[in-house]
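# Examination of the molecular architecture
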Amino acid sequence: MSGAAPLPPETVLVLDRDDWLHVYASFAHVTKDLEAIDVAEGEYTAYAPDGRVLALTAPDGWRGPVVLARTEEFDTAGLERRVTRSWQRHQAGHPPLDPPETARRFLDEESHPREGWLARLLKRG
C-alpha cells in the first residue's frame, strides 16, 4: 500500500501454536505481555514484519523474565504462510493481508478502539 504510515521500528508479530496472531508496537510490550511459562514451552513464534525471526526465550524458566532479541535468520515465506492461515482461521470472510499490512491494521485498531454498543446507544439519547 503506497503512502502507508511506517510501522514502529520494533513492531513484532507473535503467533501461537493455533495461529492466533498478536501484534505489538515494541519489544517491551511483548516481554511484558507474554508469560514466561508459555514462552519456555515454545507456545509462541515471533517475527519482525519483514520476516526476520525473533528469538523469544525465557532464560530463567517459567518464573523469570521473557526476553526478545533479533536474529540473523529470515523466514519471510513462513511468516506469510502463518499470517495467511491466521486470517483464514480467525478472520473468516476477510481477505488476508500481507504481514506488514496486517501489523498496521492490528496496531491501528488497537490505537482506535471501536465504540461499544452502550456508548452508541447513549449518543442517540
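Let me begin by describing the structure that accompanies this report. Throughout, a residue's number is its position along its own chain's written sequence, starting from 1. Only residues with pLDDT of at least 70 get local features here, since the model is predicted, and only at 80 or more are side-chain atom pairs given and counted; chain-wide, interface and lining totals rely on the full set of residues. Only hydrogens and water are set aside when side-chain values are computed; all heavy atoms of the structure are taken into account.

Our next topic: the environment of Ile37. To qualify as a helix, a DSSP run of H or I must reach at least 4 residues; to qualify as a strand, a run of E must reach at least 2; elements of each kind are numbered from the N terminus. The topology assignment puts Ile37 in helix H2 (residues 36–40). Once the C-alpha coordinates of Ile37 and Ala58 are considered, the two residues, 21 residues apart in sequence, prove to be 7.6 Å apart.

This brings us to the pattern of salt bridges. By definition, a salt bridge exists where a carboxyl oxygen of Asp or Glu is found within 4 Å of a side-chain nitrogen of Lys or Arg. The full count for this structure, using the stated rule, is six salt bridges. With a closest N to O distance of 3.4 Å, Arg17 and Glu43 form a salt bridge. You can see Arg17 sitting in the loop between strand S1 (12–16) and strand S2 (21–24) and its partner Glu43 sitting in the loop between H2 and strand S3 (44–47), a full 26 residues away along the chain. Each of the salt bridges in this network shares a partner with another, and the network as a whole consists of Asp19, Arg82, Arg85 and Arg89.

What follows is about the side chain of Arg52. Mapped onto the elements, Arg52 comes out in strand S4 (residues 52–57). Each residue is placed in one exposure class: buried if its accessible area under a 1.4 Å probe, protein chains only, is under 20% of its type's maximum, exposed if it is over 50%, and partly exposed if it falls in between. In this tally, Lys and Arg are treated as positive and Asp and Glu as negative; His is ignored, and so are the chain termini. An unpaired buried charge is present at Arg52: no salt bridge exists, and Glu72, the closest side chain of opposite charge, is 4.1 Å distant. The contact rule is simple, with two residues in contact once any of their heavy atoms fall within 4.5 Å. Setting aside residues up to four positions removed in sequence, Arg52 forms contacts with Ala46, Tyr47, Arg70, Thr71, Glu72, Glu73 and Phe74.

Looking now at the nonpolar core. A general tendency of soluble globular proteins is for nonpolar side chains to be buried together. Here, the term nonpolar core denotes a set of buried Ala, Val, Leu, Ile, Met, Phe, Trp, Tyr and Cys residues that are joined through side-chain atoms within 4.5 Å. The biggest cluster of nonpolar side chains holds 15 residues, and the ones touching the most others in it are Val12, Val14, Val30, Leu34, Leu56 and Leu68. Looking at this core, the elements with two or more residues in it are S1, helix H1 (27–33), H2, S3 and S4. Non-local contacts of Leu34, meaning those with residues more than four positions away in its chain, are made with Val14, Tyr24, Val39, Tyr44, Leu56 and Val66. Within the second largest apolar cluster, eleven residues are counted, among which are Leu21, Tyr47, Trp87 and Ala103.

Time to look at helix H3 (residues 76–90). The terminal C-alpha atoms of H3, which comprises 15 residues, lie 21 Å apart, in line with the 21 Å expected from a rise of 1.5 Å per residue. Those residues of H3 lying buried are Gly78, Leu79, Arg82, Val83, Ser86 and Trp87. Helix span, expected: 1.5 Å multiplied by one less than the number of residues in the helix.

Counting buried residues along S1, five of its five residues qualify, which places the element largely inside the surrounding structure. A two-sided burial pattern is seen for S1, the buried positions comprising Val12, Val14 and Asp16 on one face and Leu13 and Leu15 on the other. A strand pair is defined by DSSP finding two or more bridges across the two strands. Of the strand pairs in this sheet, S1 and S2 are connected by four bridges, and their pairing is antiparallel. By the bridge assignment, Val14 is partnered in S2 with His22.

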